[in-house]
Structure formats: structure tokens, C-alpha cells
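Single-letter residue listing:
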Amino acid sequence: MTSKNDAMSTGMTDTLLDAQNVAKSFGAVRALTDASLTVRRGEVVALMGANGAGKSTFVKILTGAIRPDAGRVTIRGTEARVGSPAEARRSGLVPVYQEPSLIPDLDVADNLRLGDTDAETFRHWAAELSHPELRLDAMIRDLPLATLRIIDLARALASTPDVLLLDELTAALPTDLVERVLRVARQQAEDGRGVIYISHRFAEIAELCDRATVLRDGRSVGDLDIAPGIEDRVVEMMLGARIDLGQRAAETARPKPGGAPRLRVQNLAAAPKLTDASFELHPGEVLGVVALEGQGQDELFEVLAGMRKPAAGTVEIDGTPARFSHPADAIAAGLKFVPGNRAEALFRERSLRENIAMPFSARARSWGPLRLRHEKARVAEAVERLQIDTRAQGEVQRLSGGNQQKVTIGRWLAHGVETLLLFDPTRGIDVRTKRQIYPLVRELAEQGAAILYYTSELAEVPLACDRAVVIFNGRVVDIVEAVDATEERLMRAAYGLTSAEGAA
Amino acid sequence: MSFVRRNAWTLGLVALMVVLLGVTRLIQPNFGVSGLESLARAALPFAFATAAMAVVVIVGGIDLSVASMMAVCSVTAAVLMQTMGGVPAILITLAVGTLMGLINGVLIVVTRVPDIVVTLAMLFVWEGTALLILNTPGGTAAPFLREAIVGSVLIDGLPKALILMAIIVAVIWVPLKRSKLGLAIYATGSDENAAFRSGVAVGRTKAAAYAVCGLFSAFGGLSLLSLTGIGEPVPGPYLLAAVAAVVLGGVVLGGGIGGILGPIIAVFILRIIRTILTLAAVDPNVTTIVEGTIMVGVVMFGAFLMMRGRGPT
């Protein structure tokens, strides 16, 4: 804490980036009305806001991807005429996005050349961020997402930016990498540079940031110093009114549901990462799945969704063995999969209604005329139930991230859910939407649905789940009851450090 | 990644070409130097059209006006050569080709109309332009232009036409590929958004790629002129042949993957297959069926091998 305060007092007068009264409209939609942000030397500033608050538009303006209608952005005191990402880079602002901006068909070295990045400096930062063994001739498309984020960040750091902008960089990143990213970001500030940090995770913001600027409905509504207990105030600002903090789903241990399990998975293995997974999922239960990046959870969900064939093991549904050769088989068997990446689930150019209605009309035997009235009623029900914002329903890609996520879940609700496979459903969405998703998951379970819930945020386990299986290195290593599911406990298990008391 | 793995597709095509040449020799034992020479000559306009197409496909676009641009260049050079020396006429023609390509590219970038629509429209525009310049086949070709592609150089069996083409393509493509512009072309084709965010001037890169396409088309037009000796205003069957060779040559429609050597070898493969079928006295109508089947077969086989190569490691 002292180092933060030192950095602040010494850098007070030296403004690196100053954006004032920025406004931007897209047609009739006013995405930003009055957004402001300042970053001084030695500061890490969090930019916060619920989905739809205008955060992504603001970021695009700061980084030069689009031009503002009004307002001004100055970098190091000079008016930045930022017309493109290349110009923003030259003026000293370098962004790193959740989706790495690397070229999939070029190798690492060519990607560095593209931006005139010095390979040696890059290596230094890559090593600092834990990838000393990184090969420069590796093709980008062959590398896992976590590595790509590290490459993208190392490349940004190698260009010694005055202001580094990190946009949801740690979402779905394994915890050890998150820590290194935070350390490096802090170091940047200590070296007299500035960092803009965008995240939905309060823990990270509390650890890293000096100040937070909060956006709501396109305007900056607050700028406050990070201090203990600030979460409530930030949430209040983001939402405009104080709302309840998330409630724990399980204050007391819920008895393990008796009877036959809906889904029984035994010794399941699937190439390349899943080697041995066994668990049971009962109706009325939310079973969490906790794992670091790439421990086999992707394969597990893909097998259950009928997208991948298992190498060994069995899947039983209501006591009958099941084998899927097509996702339609899994859907017919009642296993509804919601992928972590919304883009994989949605038809981006099509309407909200078609997106929600698709599962009713997907099967070949229902290829006849659409039952429009029926469809309309069901879609309306799903929209109502999930409180989806329908202002931009003509094309799903124009909805905010949180609303898109609701659509991916909502399409399965109209049909009556038996088993829902949620893969990181709250990735990169705002606090308010998250808090709508937890009770929804609980409610579905209470109505008899069985829900498998993978999450990359450990704090979600006690909020949404009854118990959680922990997967490490392709195996289920532990089952933790929600009442015992402290982040520490889950973390230890996720790292394969199952302790003596872990034998629950 | 090893050289072999990186160039697997091209090496496979070379092997296929050698096999096909062997087959030709088997069917027609006296297929020799003159056969190779005429093969190389006949392949020349196809090769340039293919090089032109490959560049824009790599940048993530497509240019349906390649054959029409070749026709414009062919008649431009034929008319100019009636009144001025061959060299200035060639230079002007190359400039005209590059300009046409640039116009295509700028239209695509500025209007944001899809490339396939813009170049389809320009196909008709350039076709009409060619007929305006010369409404019936005519004009003349400088004598050295004809001689440049007849016979062999250095040793027998090394066709001049082949060497000329190799030099022209290499002089344009090799420095381009090793430049930042070349990298930007691949980057834009691979992922336009990531390229934009990485600081690539995406619009200019695309326009430049279309200009290079126009330049190769101009060489294609000149090769037509040197083959026939007169300017021909009606476009030949080069557009779809170029797309076919580009695909067979390992360039992925959609951009970012492939080179220019593979497509040019693919041109020769397609020409040799045609020669073989002619020599074997196959019905010309069946010939195109066989060509199409081979193309699909090779691309499918290649994709199959790649998928296996990329499987669990």
C-alpha cells in the first residue's frame, strides 16, 4: 500500500492521458455522452462500468479505432489526433485486449516485425511473464489463448508505452498468470508510466489500482481512490442505486440429493487433456467445475455436448448409457450446452428472436413452416424471464455482452431445461448481469434441472453451486461442498494440492 | 517449424508435376524440348493471371476483373506499339495495369462494397474499355516481344518463356514478400481486425495488393500480345482458370495462407493434364470433367493430410 501512495504523491502533477467530455453516437444510440478519464504518471486507473455503460466505445476512442463526436483526448499534454490504432501507438498509448490482436497465420516473429517490436525486449518481457520457453517460430494459430495474451502483453510492453491499456486481460486466465500480469502492471506504474485497467474483478482492482473511474449510461459518474470496502460504492455508482451483494447459495450444507443421478460420468477420458473424470449430477443440483486453464474441462464439456467423442469411459443419462455422434443427439438427450465463447453460440447477424427460437426449429423433421405464434410466445417468455434488453434486437451482435450471454442461456429455457451445461457463463460480463445469472441458475435447479457449471472465477462457486468437482491435470481430484468452498481451498485443489481435510 | 512442413503443399505439387511429366513422356515418347517450350508458352498468360489472383486472395479479397484487365493491357500495348517503341509501350502498359488494379482496390476500400461485387462490376467496365481502345483484334507487337518467349536459353529444354516468367514474378514478389508491405498483406488476409489493431494500415495494404494484381495482369496482357502478335479486346478464359490454380496451389480462399510459387506450379499441372488428355485422345468435353475432378481431389487430399498432421501431438 505504501508504494502505491508514494507513486501517487510523486506523480500528482504529471498527467499522461487526459480525456475530457468525450461523446459519441451511433445513429440514434448515444453510446457516450460525457466520459472523462485522466491517468497520471505512476498510476494504475481502473475503468469500470456495467455492460452497456459505454466502456468499449470509450476504449475504442482512446485507442483510435473510432473518432469521438465531441470532447478531446490529450496524451502527454498534446492534443492526440488519434485516427487509427497505429497513431495511438505512436503517441504512446498501447492497448492489450481480451481477444489478442495477433495474426493467426503468421508466426510469433512475423507478428513482432509487423509492429516493429524488438525481439530481444520482447523475450525479456515474455520471460518476466513466465514464458521463457516461447519459440519465435511458433504459429499463432497453434498456441493456446493464455499464451497469446501473454505474447500480446509482452509485445505491448516491449514498445515501452507511456500508457498501457489492459482490457479484460485476466478473464479466463489461469491464476498464476493473473498474478504475474498484475505484478508487471504494477511495476509499469512504479517506473513512472500509466496503466488503464479494465476488469470486472474487484479483487484484482483492489490489489492493483490506485483509482477507479466509473462509467454509467455513457458518462463518468465517479472517480474515487481505491480503499478497503470500496466495492459497495463502486457497484452503487455503476448501477445508480444500491443493490444487494450476491448471496451465498449454500449457507448450510445442502444434503446430497438422493435417488438416481441425472448424469453419471465414469472414468471419462478424451484427447488430448481429459484422462479420468467421474462424478454424478443429480436433478436439483448445481455442480461446479473448477480447474485452471487447460486441465481437461474443455474436453469434458465437449464430450457431454456431443461435439467430441470420448476415448474411454461412460456417460449415463438417467441410468441409460449414452453416446453422442452429433450435438443434436446430446440436445435430444436433454444436455443443453452453453459455450464460454458467446460467438460460438450466436448467429450474430440474425435477430434476437431467431437466436432464441433456433433450437425449436433446428431438427430436420421440423423443417416445415415456422409456427410463428408459438415461437413468439416462447421467445417473449425467455426475454421476460432473463430480462434481456431488447432495444437492439434486430441483430444480436448489437446487444451488449451480458445480454448476448443471456440469449445463449435463454434459448434453452423455453423448452424446459433438464440438464444445462454452462461453461463459464459469466466470462467478461458485468456485475449486474452476473447477479441476475446466479439466482437464475439456482431457480432452474430448484425446478428440477441438473446444472453443470464451469467457472474460471472461484468466488462464484459458493454463490451458484451446491458443490464443485475440481479437475487437475485431466482428473477429478476433489469434490468440495459449497460451504467449504473458500477460494483458498479451491485454489489449492485446482493446483493439485489436495490436503488431508480435502477428503470430504 | 521445418522447411519441409512449411512448404509441404508446394513440394507435393512439384512431385505431382514431375509424375505428370513422366506420364506425358510415357504416353508420347517423343515429347521433348519443343513440347516443353510450347507448354511453357501456352502457360504464360495463365501463370500471370494466377499470380495476379494469388496476391489479392492472400490479402483476403478476390478480383474477378483479372481477365478483363489483361485484355485492356493487351490492346493498349498493341495500339501503342504501332506508333512508338516497344519499351516505352511496355512501361506505359504496366502503368495502366497497375492503375486499373489500384482503382479496383481503392473502390473496395473507400466504398466498402464487397470486393466480389466491385470487381464483378469492374469486369464489365474494363471489358468495355478494351473494346473502346480496339474494337476488333488488331494492332501490332514489337518483334522482340515475340522472340522473348520462343526457344530455350542456356541449355536445351529450359524454355525462355518459363525463365522470363520466373524472373518477372521473382523480381516483383520476392522483395514484396520480404517487406513490411508483404507482411501486412498476409496479416490483413489472416485477420483484418487483428491487423488493424496491430497498427497495420489495412486499407492501404489492400489497395496496394490490388495494384500488384493489376501489375501482374498487365504482364499477362503483354504475354497474350507476344503469343498472338495482335491485340485481342475480348477477355480469354483466364479468370476461372486463375481461381482454380490459386486454390490448387494451396492459397486459402479467405486469405492469409499460401504463396505464389504453389499456384504457378498448379498452372503447369493443369496445363500438363490437358496435354496428357489431348495426347491420349480423350474427348475434349471429358477433359474439363477430368480437370475439375482432379482439382477437387487434390484439394481434398491435401486438406486430409493437413488435418492428420495437425491432430494430437
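Residues numbered from 1 in each chain as written. Chains lettered and ligands numbered in written order. Predicted model: local features only at pLDDT ≥ 70, side-chain atom pairs only at ≥ 80, totals over all residues.

1. Let's talk about the overall build of chain B
A count of helical and extended segments in chain B gives 14 helices and zero strands. In chain B, the order of α-helices and β-strands from amino to carboxyl end is α-α-α-α-α-α-α-α-α-α-α-α-α-α. Computed over C-alpha atoms, the radius of gyration of chain B comes to 19 Å, within 12% of the 20 Å expected from 2.2 N^0.38 for 313 residues, which places it in the range of a compact globule. C-alpha atoms of chain B, sized along the principal axes, occupy 60 × 55 × 40 Å. In chain B, which comprises 313 residues, the proportion classed as buried is 49%. A sequence separation of at least 24 residues applies to 79% of the contacts in chain B between residues at least 6 apart. (Helix = DSSP H or I, 4+ residues; strand = E, 2+ residues; numbered from the N terminus. Rg over C-alpha atoms; globule rule 2.2 N^0.38 Å. Buried ≥ 20, exposed ≤ 12 C-beta atoms within 10 Å, placed from the backbone. Contact = placed C-beta atoms within 7 Å.)

2. Brief notes about the overall build of chain A
When its secondary structure is counted, chain A shows 17 helices and 20 strands. Relative to its full complement of 504 residues, chain A shows a buried share of 48%. In chain A, the proportion of contacts linking residues at least 24 apart, taken out of those at least 6 apart, comes to 70%.

3. Regarding the pairing of strand β7 (residues 163-167) of chain A
Residues and elements named next belong to chain A. Of all five residues that make up β7, five are buried, and the element is covered over most of its length. Side chains Val163, Leu165 and Asp167 of β7 all project onto a buried face; the interleaved residues Leu164 and Leu166 project onto the opposite face, where all are buried too. When strand β6 (residues 93-96) meets β7, the two strands line up parallel, connected through four bridges. Considered in β7, the bridge of Pro95 is made with Leu165. As paired elements, β7 and strand β8 (residues 194-198) share five bridges and run parallel to each other. The partner of Asp167 across the bridge, within β8, is Ile198. (Pairing = 2+ DSSP bridges.)

4. Comments concerning the nonpolar core
In this structure, A:Tyr197, B:Ala49, B:Val55, B:Val66 and B:Ala242 are the most contacted members of the largest nonpolar core, which totals 172 residues. When sequence neighbours within four positions are dropped, the list of residues in contact with B:Ala49 reads B:Val66, B:Ala67, B:Met70, B:Ser217, B:Gly220, B:Tyr238, B:Ala241 and B:Ala242. With 74 residues, the next largest nonpolar core counts A:Val303, A:Ala333, A:Val338 and A:Val407 among its residues. (Core = buried A, V, L, I, M, F, W, Y, C linked by C-beta atoms within 7 Å.)

5. So, the interface of chain B and chain A
Facing 18 residues of chain B, the contacting portion of chain A comprises 18 residues. It is helix α9 (residues 180-190) of chain B that contributes the most residues to the side of chain B that touches chain A, five residues altogether. Its residues assigned to classes, the side of chain B that touches chain A comprises 12 nonpolar, four polar and two charged. (Nonpolar A, V, L, I, M, F, W, Y, C, P; charged D, E, K, R; others polar.)

6. Structural notes on the domain arrangement of chain A
For interface size, the figure often reported is the accessible area lost on association. Residues and elements named next belong to chain A. Segmentation of chain A into domains returns domain 1 (2-92 + 161-239) and domain 2 (263-502). Facing the 13 residues of domain 1 at the interface are 15 residues of domain 2. Broken down by element, the residue count for the side of domain 1 that touches domain 2 peaks at three residues, all from helix α9 (residues 230-239). Tallied by class, the residues present in the side of domain 1 that touches domain 2 amount to eight nonpolar, four polar and one charged. (Domains from an automatic or database assignment.)

7. So, helix α4 (residues 66-83) of chain B
In a regular helix each residue adds 1.5 Å, so 18 residues correspond to 26 Å; α4(B) covers 27 Å between its end C-alpha atoms and thus fits that length. Here α4(B) lies mainly inside the structure; 15 of its 18 residues are buried. (Expected span 1.5 Å × (residues − 1).)

8. Some details on the packing of helix α13 (residues 372-386) of chain A against helix α14 (residues 401-413) of chain A
Two quantities define a packed helix pair, namely the angle between the axes and the distance from one axis to the other. Residues and elements named next belong to chain A. The N-to-C vectors of α13 and α14 enclose an angle of 130°; their axes lie 9 Å apart at closest approach. On the basis of their axis angle, the class for α13 and α14 is oblique. Here α13 runs over α14; the crossing is right-handed. Contact residues: α13 offers Ala382, Arg385 and Leu386, while α14 offers Lys406, Ile409, Gly410 and Leu413. Along the lines of polarity and charge, the residues of the contact of α13 with α14 split into four nonpolar, one polar and two charged. (Axes fitted to C-alpha atoms, helices over the stretch in contact; angles between N-to-C directions. Parallel < 35°, antiparallel > 145°, perpendicular 65-115°, else oblique. Left-handed = near helix turned anticlockwise from the far one by under 90°.)

9. Describing helix α12 (residues 238-248) of chain B
All names here are of chain B. Burial within α12 is extensive, with 10 of its 11 residues counted as buried. For α12, the full list of buried residues reads Tyr238, Leu239, Ala241, Ala242, Val243, Ala244, Ala245, Val246, Val247 and Leu248. At the C-terminal side of α12, Gly250 shows a positive phi close to 95°.

10. Comments concerning the confidence of the model for chain B
When pLDDT is averaged across chain B, the result is 88; 97% of the residues are at 70 or more. Interface scoring of the predicted complex returns ipTM 0.77; its pTM is 0.74. (pLDDT = per-residue confidence, 0-100.)

11. Side note on the environment of A:Thr33
Residue and element names in this part refer to chain A. Inspection of the secondary structure assignment puts Thr33 in strand β2 (residues 29-40). Distance from Thr33 to Thr455, taken between C-alpha atoms, is 35 Å for residues 422 residues apart in sequence. Those residues within four positions of Thr33 in sequence are excluded, and the remaining contacts are Ala23, Gly218 and Arg219.

12. Looking at the packing of helix α3 (residues 33-58) of chain B against helix α13 (residues 261-279) of chain B
Residues and elements named next belong to chain B. Remark: α3 packs on α13, axes separated minimally by 9 Å, with the N-to-C direction vectors making an angle of 140°. By the angle class used here, α3 and α13 are oblique. Between α3 and α13 lies a crossing of right-handed hand. When α3 is examined against α13, the residues Leu39, Ala42, Ala43, Phe46, Ala47, Thr50, Ala51 and Ala54 are found in contact with a partner set consisting of Pro263, Ile264, Val267, Phe268, Arg271, Ile272 and Thr275. For the contact of α3 with α13, the per-class residue count stands at 12 nonpolar, two polar and one charged.

13. Details of unusual backbone geometry
Note: most peptide bonds trans; most residues except glycine with negative phi. Residues and elements named next belong to chain A. The phi dihedral of Thr160 is positive, around 35°, even though this residue is not glycine. Mapping Thr160 onto the fold places it in the loop between α6 (145-158) and β7. Of note in the backbone geometry, Asp318 takes a positive phi value of approximately 50° without being a glycine. Here Asp318 shows up in the loop between β14 (312-317) and β15 (320-322).

14. Things to note about the environment of A:Pro68
Within the element layout of this structure, A:Pro68 appears in the loop between α2 (55-62) and β4 (70-75). Separated by 74 residues in the primary sequence, A:Pro68 and A:Asp142 have C-alpha atoms spaced 37 Å apart.

15. With respect to the confidence of the model for chain A
All names here are of chain A. Per-residue confidence for chain A gives a mean pLDDT of 81; residues scoring 70 or more make up 88%. A low-confidence stretch, residues 1-12 stays under pLDDT 50, and its non-local contacts, those more than four residues away or across chains, total 16 contacts. Scored below 50 in pLDDT, residues 499-504 makes seven contacts in the model with residues more than four places away or belonging to other chains.

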